[in-house]
Amino acid sequence: MATTVSVQKPYILYNRLGSGGFVAEAVLELAELPYKLNLLESTPSTPLPSSFHAINPWGQVPVLETPERDVITELAAMLLYLAATHSSVTNGPNLRVMDRAAFYRWTVFLSVNIYEGTLRRSYPERYLAQPHKSDAGAIQSVKAAAFARNHQAFQLIEEQLCQPRGLCGEGLSPADIFLAMLYAWHNERPDLPNCTAMTETVANHPIVRPIWFRNFDHRLDKKWTSLPDGTVPG
């Protein structure tokens, strides 16, 4: 069971638009937890400010500071921490984790097998030895292999999803939000209708929609969000 602690100060979330901190922001919002969003003046696939390394020496967003000012890096760690600390993340009005084992399993699976694969697609030069960093063929090979492996992971998840159930049972879970972001980055695929449906559900949740729109609909090929009249949120 999650243990609810008194939040004396707000969480601080460091992110840049279009990055993985979207999931943490959406979960904080859905769980009705106080937080401050600290957006960096940087865009995905560009370097982060050198000063950010003082916050995270690994040089990646997102970073979450707890009310006690402990620092959490790695998105999966943030979701597991929030779920263990606040009941509104696992049994609140907006979020539900019915199967705790599935929540642990899929949160880690998404992080290790898909999030990391997405990084290989986006930053293939990180995964090449120095003599090959400018080799277009090697770069394309890393990207193609990462995409194929990601797709295999989504195919496995596709078999687990059965609307309206999510990865962790009935109701929307943090793992479902994580999945939706990663799948939107993968782009819609005709052989993954359940992943597509879950992503549409998350993107158009009334609380999540403006966060999604601000982060993604200006940069993704597919515009996932819409209002009842067919327009997109401003």
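Every value quoted in this text rests on a predicted model; they were computed, and no experiment measured them. (Residues numbered from 1 in each chain as written. Predicted model: local features only at pLDDT ≥ 70, side-chain atom pairs only at ≥ 80, totals over all residues. Heavy atoms only, no water.)

Undergrad: Please clarify how the pattern of salt bridges should be interpreted in this entry.
TA: When charged atoms on two side chains of opposite charge get close, those side chains can pair. The full count for this structure, using the stated rule, is 4 salt bridges. Between glutamate 65 and arginine 69 there is a salt bridge, with its nearest N and O atoms 3.8 Å apart. Exposure remark for glutamate 65: the relative accessible area of 12% places this residue in the buried category. By relative accessible area, which is 31% here, arginine 69 ends up partly exposed. Its salt-bridge partner being lysine 222, residue glutamate 188 comes within 3.4 Å of it at the nearest N-O pair. Note that glutamate 188 is positioned in the loop between helix 6 (174-186) and helix 7 (193-203) and lysine 222 in the segment after helix 8 (209-215), a separation of 34 residues in sequence. Take lysine 222: its relative accessible area is 26%, and that puts it in the partly exposed class. (Salt bridge = Lys/Arg side-chain N within 4 Å of Asp/Glu carboxyl O. Buried < 20%, exposed > 50% of the residue type's maximum accessible area, 1.4 Å probe, protein only. Helix = DSSP H or I, 4+ residues; strand = E, 2+ residues; numbered from the N terminus.)

Undergrad: Is there a simple way to explain helix 6 in this structure?
TA: The periodicity of an α-helix, 3.6 residues per turn, causes residues three or four places apart in sequence to face the same way. A rise of 1.5 Å per residue sets the reference length of helix 6, with its 13 residues, at 18 Å; its end C-alpha atoms lie 19 Å apart and thus fit the reference within 8%. The element helix 6 is extensively covered by neighbouring structure, given that 13 of its 13 residues are classed as buried. Where helix 6 ends, the next residue or the one after it, asparagine 187, has phi of about 85°, a positive value. (Expected span 1.5 Å × (residues − 1).)

Undergrad: Can you walk me through helix 1 (residues 21-30) in this structure?
TA: Most of helix 1 sits out of view: 9 of its 10 residues are buried. Turning to helix 1, its buried residues number three or more, namely Gly21, Phe22, Val23, Ala24, Glu25, Ala26, Val27, Leu28 and Leu30. Immediately downstream of helix 1, the backbone of glutamate 32 shows phi near 60°, a positive value.

Undergrad: Is there a simple way to explain the packing of helix 1 against helix 2 (residues 75-85) in this structure?
TA: Two measures define how a pair of helices packs: the angle their axes make with one another and the distance between the axes. It is the contact of helix 1 with helix 2, at a shortest axis distance of 10 Å, that shows an interaxial angle of 15°. On the basis of the axis angle, helix 1 is roughly parallel to helix 2. The chirality of how helix 1 crosses helix 2 is left-handed. Here helix 1 contributes Val23, Ala24, Val27 and Leu28 to the contact with helix 2, which in turn contributes Leu75, Met78, Leu79 and Leu82. (Axes fitted to C-alpha atoms, helices over the stretch in contact; angles between N-to-C directions. Parallel < 35°, antiparallel > 145°, perpendicular 65-115°, else oblique. Left-handed = near helix turned anticlockwise from the far one by under 90°. Contact = heavy atoms within 4.5 Å.)

Undergrad: Sorry if this is basic, but what is going on with the environment of glycine 92 here?
TA: Note on placement: glycine 92 falls in the loop between helix 3 (87-90) and helix 4 (100-122). Looking at glycine 92, the relative accessible area reads 16%, which means it is buried. C-alpha separation for the pair glycine 92 and alanine 31, spaced 61 residues apart in sequence, amounts to 6.7 Å.

Undergrad: What am I meant to see in the packing of aromatic side chains here?
TA: Where two aromatic rings form a pair, the distance of their centres and the angle of their planes describe that pair. This structure, assessed with the given rule, holds 11 aromatic pairs. Consider the rings of phenylalanine 154 and tyrosine 183, whose centres lie 5.5 Å apart with planes at 75°: the pair is edge-to-face. Of the two residues, phenylalanine 154 is situated in helix 5 (residues 136-160) and tyrosine 183 in helix 6; the sequence distance between them amounts to 29 residues. Assessed through its relative accessible area of 0%, phenylalanine 154 is described here as buried. (Phe/Tyr/Trp six-rings, centres within 6.5 Å; stacked < 30°, edge-to-face > 60°.)

Undergrad: I keep staring at the packing of helix 4 against helix 5 and nothing clicks. Help me out?
TA: Two elements in contact, helix 4 and helix 5, have axes whose closest approach is 7 Å; the angle formed by their N-to-C orientations is 155°. As summarised for this structure, helix 4 and helix 5 are arranged roughly antiparallel, according to the angle between their axes. Along this stretch, helix 4 crosses helix 5, giving a crossing that reads as left-handed. Judged by residue contacts, Arg105, Trp106, Phe109, Leu110, Asn113, Ile114, Gly117, Thr118, Arg120 and Arg121 of helix 4 engage Val142, Lys143, Ala146, Phe147, Asn150, Ala153, Phe154, Leu156, Ile157 and Gln160 from helix 5. Along the lines of polarity and charge, the residues of the contact of helix 4 with helix 5 split into 11 nonpolar, 5 polar and 4 charged. (Nonpolar A, V, L, I, M, F, W, Y, C, P; charged D, E, K, R; others polar.)

Undergrad: What exactly am I supposed to notice about the sheet that holds strand 4 (residues 71-73) here?
TA: Adjacent strands of a sheet pair through backbone hydrogen bonds, lying either parallel or antiparallel. Read from one edge of the open sheet, 4 strands run 2-1-3-4, paired in mixed fashion. Since the sheet does not close on itself, it has two edges, and those belong to strand 2 (35-39) and strand 4, each with one partner. Taken pair by pair, the neighbouring strands of this sheet meet at an average axis angle of 20°, ignoring direction. Relative to strand 2, strand 1 (residues 11-15) runs parallel, the two being bridged by 5 bridges. If you follow tyrosine 14 over to strand 2, its bridge partner there is asparagine 38. Sheet strands touched by helix 1: strand 1, strand 2 and strand 3 (63-65). Its angle to strand 1, the strand with the most contacts, is close to 155°. In this fold helix 2 packs onto strand 1, strand 3 and strand 4, with an angle of close to 125° to the strand it touches most, strand 4. (Pairing = 2+ DSSP bridges.)

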